[in-house]
Amino acid sequence: MSSISRGETWLALLSQNAPRLAGLCPSVQVADADLNGENVRYIAVVPDENNHFPRAANGEVGLLEGWTLAKVLQETIAADAQAERKRPIVAVIDVPSQAYGRREEAFGIHQALAASAAAWAQARLAGHPIVGLIVGKAMSGAFLAHGYQANRLIAFNDPGVVIHAMGQASAARITLRSVDALMALASTVPPMAYDVKNYQTLGLLDELLNIARPDAPDDQAKQQVTEALIRAIEDARNGDPSLQHRLRGENRRSSSLVRERMRALW
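Just so you know, these numbers come straight off a predicted model, no measurement behind them.

Participant: Please clarify how the overall build of the chain should be interpreted in this entry.
Facilitator: Of the regular secondary structure elements, the chain holds ten helices and seven strands. Over its C-alpha atoms the chain spans a radius of gyration of 18 Å, differing by no more than 12% from the 18 Å that the globule rule assigns to 266 residues. Here the chain holds 266 residues, and the buried ones make up 52% of them. Once local pairs closer than 6 in sequence are excluded, the contacts in the chain between residues at least 24 apart make up 70%. By element, 52% of the accessible surface of the chain is carried by carbon and sulfur atoms, the whole surface being about 13,100 Å². Charged side chains in the chain number 27 positive and 28 negative. The centres of these two groups are separated by 6 Å.

Participant: What am I meant to see in the pattern of salt bridges here?
Facilitator: Any two side chains of opposite charge can pair, so long as their charged atoms come close to each other. Counted by the stated rule, this structure contains nine salt bridges. Measuring nitrogen to oxygen at the nearest pair gives 3.7 Å for the salt bridge that ties arginine 85 to glutamate 38. Taken together, the residues arginine 85 in the loop between helix 2 (63-79) and strand 3 (89-95) and glutamate 38 in strand 2 (residues 38-45) connect sequence positions 47 residues apart. Residue glutamate 38 is joined to arginine 237 by a salt bridge in which the shortest nitrogen-to-oxygen separation is 3.0 Å. Remark: arginine 237 occurs in helix 9 (residues 219-238) and glutamate 38 occurs in strand 2; sequence separation between them is 199 residues.

Participant: Explanation requested: the environment of arginine 102 in the structure shown.
Facilitator: Of note, arginine 102 is situated in helix 3 (residues 102-106). By relative accessible area, arginine 102 is classed as exposed at 79%. With 47 residues separating them in the primary sequence, arginine 102 and arginine 55 have C-alpha atoms 9.7 Å apart.

Participant: Explanation requested: the nonpolar core in the structure shown.
Facilitator: Within soluble globular proteins, side chains that are nonpolar generally end up buried alongside one another. Core analysis: the biggest nonpolar cluster contains 68 residues, and Tyr42, Ile134 and Ile163 have the highest contact counts within it. Sorting elements by how many residues they give to this core places helix 4 (residues 109-125) first, with seven residues. Non-local contacts of tyrosine 42, meaning those with residues more than four positions away in its chain, are made with Leu11, Leu14, Ser15, Gln29, Val30, Ala31, Ala33, Leu35, Val90, Val92 and Leu229.

Participant: I would appreciate a short explanation of the packing of helix 1 (residues 6-14) against helix 9 in the present structure.
Facilitator: The relative placement of two packed helices comes down to the angle between their axes together with the axis-to-axis distance. Closest axis-to-axis distance for the helix 1/helix 9 pair is 11 Å, and the angle between their directions is 80 degrees. As summarised for this structure, helix 1 and helix 9 are arranged roughly perpendicular, according to the angle between their axes. Residue-level contacts link Trp10, Leu13 and Leu14 of helix 1 to Ala221, Lys222, Val225, Thr226 and Leu229 of helix 9. Classifying every residue of the contact of helix 1 with helix 9 by side-chain character gives six nonpolar, one polar and one charged.

Participant: Explanation requested: the pairing of strand 4 (residues 130-139) in the structure shown.
Facilitator: Regular strands place their side chains on alternate faces of the sheet. Among the ten residues of strand 4, nine are classified as buried, and the element is accordingly described as predominantly covered. Here six bridges tie strand 3 to strand 4, and the two strands are oriented parallel to one another. Bridge pairing links valine 95 to alanine 138 in strand 4. Of the strand pairs in this sheet, strand 4 and strand 5 (residues 152-156) are connected by four bridges, and their pairing is parallel. Considered in strand 5, the bridge of valine 131 is made with arginine 152. Regarding the hand of the β-α-β motif, the stretch spanning strand 4, helix 5 (residues 140-145) and strand 5 is right-handed. Two elements, strand 4 and strand 6 (residues 162-164), share three bridges in a ladder whose sense is parallel. Counterpart to alanine 138 in the pairing with strand 6 is isoleucine 163.

Participant: What's the story with the packing of helix 2 against helix 4 in this structure? I'm lost.
Facilitator: At a minimum axis distance of 8 Å, the contact between helix 2 and helix 4 shows a crossing angle of 25 degrees. Taken as axis vectors, helix 2 and helix 4 run roughly parallel relative to one another. For the crossing formed where helix 2 meets helix 4, the hand is left-handed. In contact with Leu63, Gly66, Trp67, Leu69, Ala70, Leu73, Gln74 and Ile77 of helix 2, helix 4 contributes Ile109, Gln111, Ala112, Ala115, Ser116, Ala119, Trp120, Gln122 and Ala123. Split into classes, the residues belonging to the contact of helix 2 with helix 4 amount to twelve nonpolar, five polar and no charged.

What counts as what
Residues numbered from 1 in each chain as written. Predicted model: local features only at pLDDT ≥ 70, side-chain atom pairs only at ≥ 80, totals over all residues. Heavy atoms only, no water. Helix = DSSP H or I, 4+ residues; strand = E, 2+ residues; numbered from the N terminus. Rg over C-alpha atoms; globule rule 2.2 N^0.38 Å. Buried < 20%, exposed > 50% of the residue type's maximum accessible area, 1.4 Å probe, protein only. Contact = heavy atoms within 4.5 Å. Areas by Shrake-Rupley, 256 points an atom, 1.4 Å probe, with all protein chains shown as cover. Lys, Arg positive; Asp, Glu negative; His and termini not counted. Charge placed at Lys NZ, Arg CZ, Asp CG, Glu CD. Salt bridge = Lys/Arg side-chain N within 4 Å of Asp/Glu carboxyl O. Core = buried A, V, L, I, M, F, W, Y, C linked by side-chain atoms within 4.5 Å. Axes fitted to C-alpha atoms, helices over the stretch in contact; angles between N-to-C directions. Parallel < 35°, antiparallel > 145°, perpendicular 65-115°, else oblique. Nonpolar A, V, L, I, M, F, W, Y, C, P; charged D, E, K, R; others polar. Pairing = 2+ DSSP bridges. Right-handed = clockwise from strand over helix to strand, strands pointing away. Left-handed = near helix turned anticlockwise from the far one by under 90°.

All quantities given are derived from atomic positions and should not be read as evidence of function.
Have a look at this one:
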């Protein structure tokens, strides 16, 4: 039985329980609400125990979710095409994985997730300030398809927040290690680490928030996150729409050097 996810909790709180956009699959929830005097669109992928594709029942991003996210974003871009000031979009992120399954592979989950990732990037480049709010898990292809393309990323500094390409058990199998051995190695290699503070050193997070009770937030927590969103939206609106700022992290020097040398050669 699916329970209320952090993504659902924070979508409801930040959107002030605004009505959900109709006509979408149940696992993609979209709500529009006022933030600091302007309309903001909040988008979350949530569990749906009756999902047509069982592999996506627990909040995973699968075929329906990828195509639906792309649809919502493309429609948002089109609706604001003539607007001088594009509306902000907040991706509320709590996604445990992409949906693994034979049917997903057969029906082209790679295309569905690529369509979503591309739509997020198109919205950002079209001038929409995009903020990714990581309230729970942000794992593998699910994160790439939902939120990774944001202008700014905010995460909760909490053990329930995990940002990684692969779960611990899967990574242990791939690297031919036990989970304990993997975690010991990960503690010395920031890109392999599972805690959000190590992830922050990669330069991808713009802000890390200490939220007292992220599963049962109070008004103070809501205010704290709301203020962070306002800062991030303003920063995104006034900044470079590319993601070049992510290369400024203390552990991204090699990435920057590789890019410099590639530009020099080509």
